[in-house]
Amino acid sequence: GVSKKDTGTVVNLILDNIGEALMRGDKVELRGFGSFKVKTRRARLARNPRTGEAVQVPAKRVPFFKTSNELKGRMNGDD
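Parameters and conventions
- Residues numbered from 1 in each chain as written.
- Predicted model: local features only at pLDDT ≥ 70, side-chain atom pairs only at ≥ 80, totals over all residues.
- Heavy atoms only, no water.
- Helix = DSSP H or I, 4+ residues; strand = E, 2+ residues; numbered from the N terminus.
- Buried < 20%, exposed > 50% of the residue type's maximum accessible area, 1.4 Å probe, protein only.
- Contact = heavy atoms within 4.5 Å.
- Areas by Shrake-Rupley, 256 points an atom, 1.4 Å probe, with all protein chains shown as cover.
- Lys, Arg positive; Asp, Glu negative; His and termini not counted.
- Charge placed at Lys NZ, Arg CZ, Asp CG, Glu CD.
- Pairing = 2+ DSSP bridges.
- Salt bridge = Lys/Arg side-chain N within 4 Å of Asp/Glu carboxyl O.

**Q** Explain the overall build of the chain to me, please; I cannot follow it from the model alone.
**A** Tallying secondary structure elements over the chain gives two helices and five strands in all. Going from N to C terminus, the chain has its helices and strands arranged as α-β-β-β-β-β-α. Burial analysis of the chain (79 residues in total) assigns 16% to the buried set. When contacts within the chain are restricted to residue pairs at least 6 apart in sequence, long-range pairs at least 24 apart make up 37% of them. By element, 53% of the accessible surface of the chain is carried by carbon and sulfur atoms, the whole surface being about 6,900 Å². Positive and negative charge centroids in the chain, built from 17 and 9 side chains respectively, lie 10 Å apart.

Encoded structure:
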């Protein structure tokens, strides 16, 4: 009984809040679905595949999603 516009607004608010929490470094858990957290990748030396030249890649923070065991079970028919 909810309009598409209202549903879209709610979904966008939820995603915005998850993004803001991750930027603060918080972990976000959606029970039965999975959890989001931020992992830090260390700085490293990589190679440019075209030239073979060594390139320094700086450390960075990346979002990470881990699926819940419940969702994995449902996906594989393990109700």
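Next comes the rest of the description.
**Q** Whenever I open this one, the pairing of strand 4 (residues 54-57) confuses me. Can you help?
**A** Working note: regular strand, side chains alternate between the two faces of the sheet. Sheet analysis places strand 3 (residues 44-47) next to strand 4, joined by four bridges and oriented antiparallel. Bridge pairing in strand 4 links Arg-47 to Ala-54. What sits between the antiparallel neighbours strand 3 and strand 4 is a turn of six residues, in which Gly-52 has the positive phi angle 80 degrees.

**Q** Honestly, the pattern of salt bridges in this entry has me stumped. Any pointers?
**A** Side-chain pairs of opposite charge can arise where the charged atoms are in close proximity. For the coordinates displayed, the defined rule picks out two salt bridges. Arg-24 serves as the salt-bridge partner of Asp-26, at 3.2 Å between the closest nitrogen and oxygen. A relative accessible area of 58% places Arg-24 in the exposed class. The salt bridge involving Glu-29 is made with Arg-31; its shortest N-O contact spans 3.5 Å. In this structure Glu-29 comes out as partly exposed when scored by relative accessible area, which is 47%. On the basis of relative accessibility, which here comes to 74%, the residue Arg-31 falls in the exposed class.

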